[in-house]
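# Close look at the chain arrangement
What follows is the residue order along each chain.
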Amino acid sequence: MITELVISVFRGEPLTAAVHQTSEVTTRYKQLLNRMDNEYDSLTFQNAAAFMNVSEAYFSRYFKKQSGMTFSQYLNVVRVEKAVQLINAHPERKLTDIMLCCGFNTIRNFNRAFKEITGYSPRGIPAGYVLNTRSVPTVQDTFDPTSSEAELVTE
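Criteria and thresholds
- Residues numbered from 1 in each chain as written.
- Predicted model: local features only at pLDDT ≥ 70, side-chain atom pairs only at ≥ 80, totals over all residues.
- Heavy atoms only, no water.
- Helix = DSSP H or I, 4+ residues; strand = E, 2+ residues; numbered from the N terminus.
- Expected span 1.5 Å × (residues − 1).
- Buried < 20%, exposed > 50% of the residue type's maximum accessible area, 1.4 Å probe, protein only.
- Arc of directions from axis to C-beta.
- Phe/Tyr/Trp six-rings, centres within 6.5 Å; stacked < 30°, edge-to-face > 60°.
- Lys NZ or Arg CZ within 6 Å of the ring centre and 35° of its normal.
- Axes fitted to C-alpha atoms, helices over the stretch in contact; angles between N-to-C directions.
- Left-handed = near helix turned anticlockwise from the far one by under 90°.
- Contact = heavy atoms within 4.5 Å.
- Nonpolar A, V, L, I, M, F, W, Y, C, P; charged D, E, K, R; others polar.
- Salt bridge = Lys/Arg side-chain N within 4 Å of Asp/Glu carboxyl O.

Between its first and last C-alpha atoms helix 4 (residues 56-67) spans 16 Å; for 12 residues at 1.5 Å apiece the expected length is 16 Å, and the two agree. Inspection of helix 4 places F59, Y62, F63 and S67 among the buried residues, and these make up the whole buried set. The arc that holds every buried residue of helix 4, seen down its axis, measures 105 degrees, which confines them to one face. Along helix 4, exposed side chains directed more than 90 degrees from the buried face belong to R61 and K65. Where helix 4 terminates, the next one or two residues include G68, which has phi positive at roughly 85 degrees.

Moving on, we get to the packing of aromatic side chains. Per the counting criterion, the structure on display carries 12 aromatic pairs. Through a chain of ring-to-ring contacts, three or more aromatic side chains come together here, namely Y29, F45, Y58, F59, Y62, F63, F71 and Y74. Positioned above the aromatic ring of F51, the side-chain terminus of R28 is 4.0 Å from the ring centre. Sitting over the ring of F104, R79 keeps its end group 5.8 Å from the ring centre.

Further remarks concern the packing of helix 2 (residues 24-38) against helix 3 (residues 45-52). Between helix 2 and helix 3, the shortest axis-to-axis distance is 9 Å and the interhelical angle comes to 145 degrees. Of the two elements, helix 2 crosses helix 3, and the hand of that crossing is right-handed. On helix 3, the residues touching V25, R28, Y29, Q31, L32 and R35 of helix 2 are A48, F51 and M52. Among the residues making up the contact of helix 2 with helix 3, the classes are represented as 6 nonpolar, 1 polar and 2 charged.

Moving on to the pattern of salt bridges. Scanning the model with the defined rule gives 3 salt bridges in all. A salt bridge links K82 to D37; the shortest N-O distance between them is 3.4 Å. Of this pair, K82 sits in helix 5 (residues 71-89) while D37 sits in helix 2, and the two are 45 residues apart along the sequence. What makes D37 partly exposed here is its relative accessible area of 34%. The partner of E116 in a salt bridge is R112, and the shortest N-O contact between them spans 3.9 Å. With E116 and R112 both in helix 7 (residues 107-118) and 4 residues apart, the pair spans about one turn of that helix.

Written out as structure tokens, the structure is:
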């Protein structure tokens, strides 16, 4: 019934062709994500905004819109993913060493972020656990078909 309602609402609306352009900002954003994956232990918000060549305020809004989470949330996901890999590869290694290698400043922040993202404490993680980043909760923009700015597009 809902499907029929949506179809009837949009049936008479004109179609607009989707425009796929890769802007310089989008290219820089993709490069930044790669950089975050490699420099997760030392990258800062200020460095990232400077890399994108935009103001910090604009960068904050842009990053949240693109990724569905703040820069620090995304960076913590990357860092925890690396920590999980290190714990699996070296279970005998001290947590403080792993914490420092992954860019966390305090054991408290490390434990909090780890538990928030994986659901486990660093030492309570099951052997061979792999962080599925697609299951990490994010804040998603919702589509509002009643918005005056909504358009139907064809691919």
